[in-house]
Every structure is written in C-alpha cells, then in structure tokens.
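The chain contents come next:
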Amino acid sequence: MAIEQGSRSGASAAAASAGMMENKGRELGRKADEAGDRLSTGLRDKAHEIDATRQHLQERVVDAKDNLVGSVQDGRARVAQGLQDNPTRTLLLTAGIGVLAGLLLARRMRK
C-alpha cells in the first residue's frame, strides 16, 4: 500500500510540475509575442519616419535643381543681353583675354 501511495504522490507531483512548466511556457510565449509586437511596431514607425525624410529630401533636391536651372537660364539671358548691348566692349574684352593668355603662354615657353 505504501508503494502505491508513493507512486500516486509521485504521479501527482509530476503532473503538477508539468502544469507549472506549461504555465511558464505560456507566459514566456505571451511575453515573446508582446516583445515581437513592440519591435514590429517600432520598426514600422521608423520605416515611416525614414520614408517621410526621404520624401522631404527629394522635394528639397527638386527645389534646388529648379533654382539652379533658373539661375543658369538667367545668367545666359544676362550674357546674351550684354553681348547685344555692348558688342564692341565684348570684342575688346575677348581680345584682351586672348592677348593676356598668349603672353602668359609665351613667357612659360621661354623658361
């Protein structure tokens, strides 16, 4: 009878231990699910921030490009207008730059 009693109490202790292990396993699984959800939410939020920053940078690049293109076109228009307004001055300036470049090259060739 004592052996039967011991085997019953051992069986019930094993069942209680298995129940505790199962509860701990469930709790760990729940905690892991919560941590995974927090991580997933955090990553999703960071992805949205990165996308918003990328869009903002693209807009700034487009604005800078438009500004540069506009400045270049304005510069070209001013040069064309200057050439039309003062053709003699333009010719003299071009000839002066050519003479200066020729003198510098001739001086280098002598050395």
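Cut-offs and rules
- Residues numbered from 1 in each chain as written.
- Predicted model: local features only at pLDDT ≥ 70, side-chain atom pairs only at ≥ 80, totals over all residues.
- Heavy atoms only, no water.
- Helix = DSSP H or I, 4+ residues; strand = E, 2+ residues; numbered from the N terminus.
- Buried < 20%, exposed > 50% of the residue type's maximum accessible area, 1.4 Å probe, protein only.
- Salt bridge = Lys/Arg side-chain N within 4 Å of Asp/Glu carboxyl O.
- Expected span 1.5 Å × (residues − 1).
- Patch = residues over 30% accessible without salt bridge, like charges linked within 9 Å, V, L, I, M, F, W, Y side chains within 5 Å.
- Areas by Shrake-Rupley, 256 points an atom, 1.4 Å probe, with all protein chains shown as cover.
- Lys, Arg positive; Asp, Glu negative; His and termini not counted.
- Charge placed at Lys NZ, Arg CZ, Asp CG, Glu CD.

Draft legend 1. Structural detail: the overall build of the protein chain. Counting its secondary structure elements, the protein chain contains two helices and zero strands. Counting all 111 residues of the protein chain, 0% fall into the buried class.

Draft legend 2. Geometry of the pattern of salt bridges. With the rule as written, the count across this model stands at five salt bridges. When the shortest N-O distance is used, the salt bridge between R26 and E22 registers 2.4 Å. A residue pair is termed a helical-turn pair when its members lie 3 or 4 positions apart in one helix, as R26 and E22 do in helix α1 (residues 2-85) at four residues. Residue E22 is classed as partly exposed on the basis of its relative accessible area of 43%. E49 serves as the salt-bridge partner of K46, at 3.8 Å between the closest nitrogen and oxygen. With K46 and E49 both in helix α1 and three residues apart, the pair spans about one turn of that helix.

Draft legend 3. Spatial organisation of helix α2 (residues 87-110). Look at α2: 35 Å from first C-alpha to last across 24 residues, which is about the 34 Å you get at 1.5 Å a residue. Of all 24 residues in α2, zero are buried, a share of ten percent or less.

Draft legend 4. Structural view of a positive patch on the surface. A cluster of basic residues, R107, R108, R110 and K111, forms a positive patch on the protein surface. Locating K111 in the fold gives a position in the segment after α2.

Geometry only, nothing functional implied.
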